[in-house]
Each structure stands twice: as structure tokens, then as C-alpha cells.
Amino acid sequence: MYIKVDSLALLNDFNQIWMECWLEKGYGLENGTVPSDRYIITDSDDQKVGTIEFKKYALDPTNNINTVYPFHQKELIQLDPNSVIEIDKVAILKQYRGKNLERLIRLFTKYTESHHIDYCVVLLERSFYKALKIVYKIPLEAVSEKIYYKGDYVIPSIIYSKEVYQNKEKYSWNVSNK
């Protein structure tokens, strides 16, 4: 279902996947040096198909995500910044999209629950935002209109992760795979 990136070889696999996806979409690439938890999503054949990165969130206005949208000014985020993470490098290789998105969302749920994360800040591609909101019924809030960033429009959003993991039974993508 997923592999935690804990070696140079896995980091290379991780980078190859997200970079291929971002280049396909025409996004600008970035390589951060901020400590993070990186994961590779695997399919039922153990094929490496996607990535997700969880970063400690910082209220610092110069934090990269805060320079795109000032999440640090949101009262909800200011109340307990230690219960907030930033999600980045979400990618699934084109030929593996579809059902593997559920694997990624289940990993997100497991990670945020095990780390007691209440909220996630994220810049979402518009179609991905709609899929999470409409198809998967993930509680999230667009905190701004779309913003042009690194080659495409993104929607700065807050995901209410605690709401998801405390109510797993409400989500068919989670219930059907216990």
C-alpha cells in the first residue's frame, strides 16, 4: 500500500514519480530541504505509483506555502500550529490514477491520525480539489480563490483531517478497505 522513504534509493524513486507527474502537468519543479515524512504509494502488484509528503507546518510568513497564501494569518491555524501539517508532492503516475487515489487518501488518514493532526494546509490542483470534495467527501475548505503557482492554478485549502479520522465510517473509500 505504501513505503516510507528511508533510503537514498527510495528518495530517488520518490523524486522520479512526483517530478514525472509535475512535468506532465507543466508545473515548475522544486526541491525542498525541509525535513519531512515522504511516502511512496504502491498498487496491488507492489508497483510504485504515487507520492505524498507531510511537512511540519511553520507559522513563519517566509515559509514557502505562506508566501503563496498566508495560512499563518488564519485564526484556526494560529490556535495550535503543532496540530497542523503541510501536504506536498501529491502525485500519482498517469497510468495508475483512479483506484490508487484511495490508497493515497487512506495513507493520509492513517498518518494524520497517528500524528494527531487536526488540519492540513495544501495547495490543490482544481480537479483534485473537486475530486476530494465531491467524490471522496473529504471535509476541506478553499480559503482563497484560485492562485497561479508554478505553472497552473491551485486552490489554497485547509483539510479537516481530524474530522476524517474520527469519522472513518462515514467514508465508503475507507470502510470498504478495513
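So, how was this worked out
Residues numbered from 1 in each chain as written. Predicted model: local features only at pLDDT ≥ 70, side-chain atom pairs only at ≥ 80, totals over all residues. Heavy atoms only, no water. Helix = DSSP H or I, 4+ residues; strand = E, 2+ residues; numbered from the N terminus. Rg over C-alpha atoms; globule rule 2.2 N^0.38 Å. Buried < 20%, exposed > 50% of the residue type's maximum accessible area, 1.4 Å probe, protein only. Lys, Arg positive; Asp, Glu negative; His and termini not counted. Charge placed at Lys NZ, Arg CZ, Asp CG, Glu CD. Salt bridge = Lys/Arg side-chain N within 4 Å of Asp/Glu carboxyl O. Pairing = 2+ DSSP bridges. Phe/Tyr/Trp six-rings, centres within 6.5 Å; stacked < 30°, edge-to-face > 60°. Lys NZ or Arg CZ within 6 Å of the ring centre and 35° of its normal. Contact = heavy atoms within 4.5 Å.

Draft legend 1. Local environment of the overall build of the chain. Secondary structure assignment for the chain yields 7 helices and 8 strands. In terms of C-alpha radius of gyration, the chain reaches 15 Å, essentially the compact-globule figure of 16 Å for 178 residues. C-alpha extents for the chain along the principal axes are approximately 45 × 35 × 30 Å. Split into buried and exposed, the 178 residues of the chain put 48% on the buried side. Taken together, the 24 basic and 24 acidic charged side chains of the chain have centroids lying 4 Å from each other.

Draft legend 2. Looking closely at unusual backbone geometry. Positioned with a positive phi, Asp 46 is a non-glycine residue whose angle comes to about 60°. Among the structural elements, Asp 46 can be located in the loop between strand 2 (36-42) and strand 3 (48-56). A positive phi angle is found at Lys 137, which is not glycine, with a value near 60°. Note that Lys 137 resides in the loop between helix 5 (126-135) and strand 6 (140-142).

Draft legend 3. Looking closely at the pattern of salt bridges. All chains considered together, the criterion is met by 12 salt bridges. For Asp 88, the salt bridge is made with Lys 55, and the minimal N-O distance between the two is 2.9 Å. Of the two residues, Asp 88 is situated in strand 4 (residues 84-92) and Lys 55 in strand 3; the sequence distance between them amounts to 33 residues. We note that Asp 88, like Lys 55, is buried.

Draft legend 4. Geometry of the pairing of strand 8 (residues 152-159). In terms of residue burial, strand 8 counts as a mostly covered element, since 7 of its 8 residues are buried. Examined bridge by bridge, strand 5 (residues 119-125) and strand 8 share 6 bridges and lie antiparallel to one another. Along strand 8, the bridge assignment pairs Leu 123 with Pro 156. With 3 bridges joining them, strand 6 and strand 8 adopt antiparallel strand pairing. Following the sheet pairing, Leu 140 is matched in strand 8 by Ile 159. Where strand 7 (residues 147-149) and strand 8 come together, 3 bridges link them in antiparallel fashion. Looking at the pairing, Tyr 149 lines up with Asp 152 of strand 8.

Draft legend 5. The packing of aromatic side chains, seen in detail. Summed over all chains, the structure comprises 8 aromatic pairs. Taking the centre distance of 5.9 Å and the plane angle of 75° together, the rings of Tyr 39 and Tyr 111 count as edge-to-face. Placement of Tyr 39 in strand 2 and of Tyr 111 in helix 4 (residues 99-114) is noted, with a sequence separation of 72 residues between them. For the pair Tyr 39 and Tyr 111, a shared accessibility class is recorded, and that class is buried. With a centroid separation of 5.6 Å and an interplanar angle of 85°, the aromatic rings of Tyr 119 and Tyr 160 are classed as edge-to-face. Of the two residues, Tyr 119 is situated in strand 5 and Tyr 160 in the loop between strand 8 and helix 6 (161-166); the sequence distance between them amounts to 41 residues. Its guanidinium or amino end placed over the ring of Trp 18, Lys 89 lies 4.7 Å from that ring's centre, counting from NZ or CZ.

Draft legend 6. Geometry of the side chain of Ser 157. Within the secondary structure layout, Ser 157 lies in strand 8. For Ser 157, a relative accessible area of 0% gives the class buried. Those residues in contact with Ser 157, other than ones at most four positions away along the chain, are Phe 71, Cys 120, Val 121, Val 122, Leu 124, Tyr 129, Leu 140, Glu 141, Ala 142 and Val 143.

Nothing here speaks to function; it is all geometry.
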